[in-house]
Structures are given as structure tokens and as C-alpha cells.
Amino acid sequence: MHRKESDVSALPGSTDSPPRRTIRSFVLREGRLTLAQERAFRELWPRFGCDWTPGVPLDLATLFGNDHPVVLEIGFGNGDSLAEMAAQDPARNWLGIEVHRPGVGHLLLEIERRGLTNLRLIRHDAVEVLRDGIQPAALDGVQLFFPDPWHKRRHHKRRILGPALMPLLARAIRSGGIFHAATDWEPYAEQMLETLESIPDWFENTAGQGQFAPRPAARPLTKFEQRGERLGHRVHDLVFRRR
Ligand SMILES: C[S@@+](CC[C@H](N)C(=O)[O-])C[C@H]1O[C@@H](n2cnc3c(N)ncnc32)[C@H](O)[C@@H]1O
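Residues numbered from 1 in each chain as written. Predicted model: local features only at pLDDT ≥ 70, side-chain atom pairs only at ≥ 80, totals over all residues.

Threshold: UniProt positions are given in the numbering used here, feature names are shortened, and annotations may be inferred rather than shown by experiment.
The chain is annotated in an unreviewed UniProt entry as tRNA (guanine-N(7)-)-methyltransferase from Thiobaca trueperi. In UniProt, the chain has this text filed under Catalytic activity (unreviewed entry): "guanosine(46) in tRNA + S-adenosyl-L-methionine = N(7)-methylguanosine(46) in tRNA + S-adenosyl-L-homocysteine".

### What to know about the overall build of the chain
What counts, and what does not: In this text, helices come from DSSP runs of H or I with a minimum length of four residues, and strands from runs of E with a minimum of two, each type numbered from the N-terminal end. In this description the radius of gyration comes from C-alpha coordinates, and the expected globular size is given by 2.2 Å times residues to the power 0.38. A pair of residues counts as a contact when their C-beta atoms, built from backbone coordinates, are within 7 Å of each other.
Secondary structure assignment for the chain yields eight helices and seven strands. The C-alpha atoms of the chain give 17 Å as radius of gyration, which agrees with the globular expectation for 243 residues (18 Å, within 12%). Dimensions along the principal axes, computed over C-alpha positions, put the chain at roughly 45 × 45 × 35 Å. Put simply, of all contacts in the chain between residues at least 6 apart along the chain, 79% involve residues at least 24 apart.

### A few points about the sheet that holds strand E3 (residues 119-122)
As a reminder, the rule being used: A pair of strands counts as paired when DSSP detects no fewer than two bridges linking them. Here the axes come from fitting lines to C-alpha atoms, over the contacting stretch only for helices, and the angles between their N-to-C directions go from 0 to 180 degrees.
What the seven strands build is an open sheet, ordered E3-E2-E1-E4-E5-E7-E6; its pairing is mixed. This sheet does not close on itself; its edge strands, each paired only once, are E3 and strand E6 (203-205). With direction set aside, neighbouring strand axes in the sheet form an average angle of 20°. Along the sheet, helix H3 (residues 80-88) makes contact with strand E1 (70-74), strand E2 (93-97), E3 and strand E4 (139-145), crossing E2 at roughly 170°. Lying on the sheet, helix H7 (residues 186-197) is in contact with strand E5 (173-183), E6 and strand E7 (236-242); it crosses E7 at an angle near 10°.

### A look at the UniProt feature "binding site: substrate" (unreviewed entry) in the chain
Heads up, the rule is: Exposure in this text rests on C-beta crowding, where 20 or more other C-beta atoms within 10 Å of a residue's own make it buried, 12 or fewer make it exposed, and counts in between make it partly exposed. The C-beta atoms are placed from the backbone.
This chain's UniProt record puts "binding site: substrate" (unreviewed entry) on Lys-152, Asp-184, Thr-222, Lys-223, Phe-224 and Glu-225. Taken along the chain, the residues just named run across 74 residues; in space they spread out, the farthest C-alpha pair reaching 23.4 Å. Mapped onto the fold, Thr-222 is located in the loop between E6 and helix H8 (223-230). Tracing the backbone through its elements, the reader meets Glu-225 in helix H8. Look at Glu-225 and you get buried, because 21 C-beta atoms sit within 10 Å. Residues contacting Glu-225, with those up to four places away along its chain left out, are Phe-146, Asp-184 and Val-235.

### Section: the environment of Arg-113
When you line up the elements, Arg-113 lands in helix H4 (residues 101-114). Here the alpha-carbon distance between Arg-113 and Gln-211, two residues 98 residues apart in the chain, equals 38 Å.

### Brief notes about the site of the ligand
Stated formally: In this analysis, residues qualify as near a molecule or strand once their C-beta atom, positioned from backbone atoms, comes within 6 Å of it.
Close to the ligand lie 23 residues, the nearest being Gly-75, Gly-77, Ala-126, Phe-146 and Thr-222. For the shell around the ligand, the secondary-structure elements that each account for two or more residues are helix H5 (126-133) and H8. Per-element accounting of the shell around the ligand gives the leading share, three residues, to H8.

### A short note on H3
Residues Ser-81, Leu-82, Ala-83, Met-85 and Ala-86 constitute the buried set of H3. Against E1, E2, H4, E3 and E4 lie the buried residues of H3.

This is the structure we're talking about:
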């Protein structure tokens, strides 16, 4: 069956894959690794990194060595807030996906510094991992904090949170699980709200129809959020429950 990327009517859990994406939500800038980050890739990646083979479903219980619930974070940046959440909530496993190499290196070092055992990292396009690497209902939650807002109208198609992501989230998150997004870019916040509320059969707004959520106490300040705060931007949280 051929389906447009924007078609959200696809059934979560359906086995036919959507067409390959070509527009990505990131532009890969390699950036330089510090010496410590280079060491982290050599010594820590084999323990905490996952070399995902595109197209192959992940066995999360094997990856973490237990079957605790798993929360996936898309685009963790430098990962300080993800490390903090993993440390605060050791009963759950945390899977961070980021394409930016120095950010991954930074978080590997943070995992070592804090002695975390419940955090694993994948360096890949998170949309592909969600689509092809995560089994149906395998996740307790997905979080997406301060995704690139792609301000210019002609770049809006690069925004990661749009209709094409919805069937992937709905498929990956178990019933009762949470999708949590935050942004400091108001027009994107409005778009997120509209997109998530357009699929009421899949997700319920925990804050009530048309409302943004109070900032959950468990969400630490992220690096990009601090930048937004300096610019005087208001932060919007969206917390939706999978039906
Ligand atoms: C604006 S930054 C925010 C980082 C972090 N969440 C924070 O709040 O500090 C967005 C991050 O998402 C990453 N990113 C964007 N699209 C991605 C994708 N499809 N897969 C993995 N990472 C992605 C970028 O590399 C970037 O580090």
C-alpha cells in the first residue's frame, strides 16, 4: 500500500512500512571531539552505545540486561538533562538517540561520571529508529525536548514533530505510556498541540483539550532551554497519554 508521509490514518502496529523519508530534521555538523570524548567513544561506547543496524528491530531487554520499562529521548543534545532523569529514575531504562557526535561523547562521559547503568545511546536518526527499530508498544514513554524549531517557513517541513511522526509514536508507545514534548518557540508549540490533538484516538492531552501542561517536576532544565530563557522565551510543555 502506498501512503503519503502526512497520512496519520495508518494503524499503529501495522506491519507495512511507510515510504522512506528524505527530509531530515537535522543537518549533521560533525563538530570536534575533545580528547576526553574521543576516549569515551573508544572505551565507553562498547558498554553504553548501541550500533543499531538500520531496519533491524531492537531487543531492548537484551540491550539493557533487564526488562524494565524504557523511555526514549529524541535529540538529547549534550544529554545532561537525560543523565539527570536516568539518575533520578533508576527503575526505568533510558534510551537516548542523538546524531551529534560531540553530544553523544559528552553524555558517555556523564554516564561514566555518574555511574549510570540504565542509560544506552544510539547515534542515528531517531525517526528511523522509531520506525524500524522499536517494536510495537515497546516504550513506556518518548520525550522530545526543545527540538530544532526550523524558524523559516520553507524549513518547516524539517520540524520533527509533525503528522508523519504521529503513527510512529502511537505504534511505539504502550497504552497508558506518555509522550512529552517541550519547546520555547511559541508557533511550534501551537503546531505541536494541534498535531497531537488531531489524533484523539491515539493520544489524550493530560492537561485538558487545548491546554499546555504544567512543567513536570521530573524534567530538568536542558541546555537549549537555558538559552531560550536568556532570550526571554516562554517554555511550553505538552504531555500526552497513549490511549
Ligand atoms: C535544539 S537541540 C536540543 C537538544 C536538547 N534536547 C536540549 O534541550 O538541550 C535539538 C537536537 O536534536 C538533535 N536531532 C534533531 N533531529 C534528530 C533526529 N532525527 N534524530 C536524532 N537527533 C536529532 C540535534 O542534533 C540536536 O542536538
